[in-house]
Amino acid sequence: MSNQREFLAAFKEIFWYQVRRKFGLLPEMNIVEKWLRPLLTLFYILLLYYFTLNHHEIALTLLTLVGCTWLSATAIDSMKQIYHRRYTLAENPNGFRDIDEFTSLEKLFTYLIPAFILTGIFAGSLFFITFIRTGDLNVDVFIGMVSIPFVILLEW
């Protein structure tokens, strides 16, 4: 039970950190970052809508690749932070290992699971939006899933 408590506490802390970071609400951010982060997110959503509405498949696919790469990198960074924070929260750190102590195979699975889940949700949503707007089953949108191996390679 103690293991789950530390993990959930770390997950909650890092989740809210990432939300505040995404919306420019972290106190350590400068004024440019505080305005730029939410504006970039809004601009990205507007571009997705515009490219979908006007059937710009190549631009939509490239934008999806960028978005999925961004989500995969965020997921991997979050997992690193969660495991590190869980390690620091543990009453007895002997039962836990920091992410740097993981084997390559353990790191691969630790990174792949959140990266595939987040990018799958994102790519699936884009697939659904494209289907609703155009009626096409545009499987090219799933090209964003290709970003996951590249992001994981960058981590090594």
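Summarised in this report is the structure supplied together with it. Owing to the predicted nature of the structure, the values given are computational and were not obtained by experimental measurement. (Residues numbered from 1 in each chain as written. Predicted model: local features only at pLDDT ≥ 70, side-chain atom pairs only at ≥ 80, totals over all residues. Heavy atoms only, no water.)

## Thoughts on the packing of aromatic side chains
In step 1: This model, assessed by the stated rule, comprises 4 aromatic pairs.
In step 2: Plain terms: the ring middles of Tyr-44 and Trp-70 are 6.3 Å apart, the flat faces sit at 65° to each other, and that makes the pair edge-to-face. Within this pair, whereas Tyr-44 is found in helix H2 (residues 31-53), its partner Trp-70 is found in helix H3 (residues 57-89), the two being separated by 26 residues in sequence.
In step 3: Grouped by ring-pair contacts, the aromatic residues Phe-11, Phe-15 and Trp-16 constitute a single cluster. (Phe/Tyr/Trp six-rings, centres within 6.5 Å; stacked < 30°, edge-to-face > 60°. Helix = DSSP H or I, 4+ residues; strand = E, 2+ residues; numbered from the N terminus.)

## Here we look at the packing of H2 against helix H4 (residues 104-134)
A pair of packed helices is characterised by two quantities: the angle between their axes and the separation of those axes.
In step 1: Contact geometry of H2 with H4 gives a least axis separation of 10 Å together with a crossing angle of 40°. As summarised for this structure, H2 and H4 are arranged oblique, according to the angle between their axes. Considering how the two elements wind past one another, H2 and H4 form a crossing that is right-handed. Along the contact surface, H2 presents Tyr-44, Leu-48, Tyr-49, Thr-52 and Leu-53, while H4 presents Phe-122, Leu-126, Ile-129, Thr-130, Arg-133 and Thr-134.
In step 2: A per-class count over the contact of H2 with H4 returns 7 nonpolar, 3 polar and 1 charged. (Axes fitted to C-alpha atoms, helices over the stretch in contact; angles between N-to-C directions. Parallel < 35°, antiparallel > 145°, perpendicular 65-115°, else oblique. Left-handed = near helix turned anticlockwise from the far one by under 90°. Contact = heavy atoms within 4.5 Å. Nonpolar A, V, L, I, M, F, W, Y, C, P; charged D, E, K, R; others polar.)

## Notes on the pattern of salt bridges
In step 1: Within this structure, the stated rule accounts for 2 salt bridges.
In step 2: When the shortest N-O distance is used, the salt bridge between Glu-13 and Arg-85 registers 2.8 Å. Here the residue Glu-13 occupies a position in helix H1 (residues 2-22), and Arg-85 occupies one in helix H3, the gap between them amounting to 72 residues.
In step 3: For Glu-13, a relative accessible area of 36% puts it in the partly exposed group.
In step 4: Given a relative accessible area of 26%, Arg-85 falls into the partly exposed group. (Salt bridge = Lys/Arg side-chain N within 4 Å of Asp/Glu carboxyl O. Buried < 20%, exposed > 50% of the residue type's maximum accessible area, 1.4 Å probe, protein only.)

## Thoughts on the nonpolar core
In step 1: Residues Tyr-44, Leu-48, Phe-51, Leu-60, Leu-63, Cys-68, Leu-71, Phe-122 and Leu-126 constitute the largest nonpolar core, which totals 9 residues.
In step 2: Broken down by secondary-structure element, the contributors of at least two residues to this core are H2, H3 and H4.
In step 3: The biggest single contributor to this core is H3, with 4 residues.
In step 4: Not counting the four nearest positions on each side in its chain, Leu-63 is found in contact with Tyr-44, Leu-47, Leu-48 and Phe-51.
In step 5: Ala-10, Met-79, Tyr-83 and Phe-102 belong to the second largest nonpolar core, which has 6 residues in total. (Core = buried A, V, L, I, M, F, W, Y, C linked by side-chain atoms within 4.5 Å.)

On their own, these measurements won't tell you what the molecule is for.
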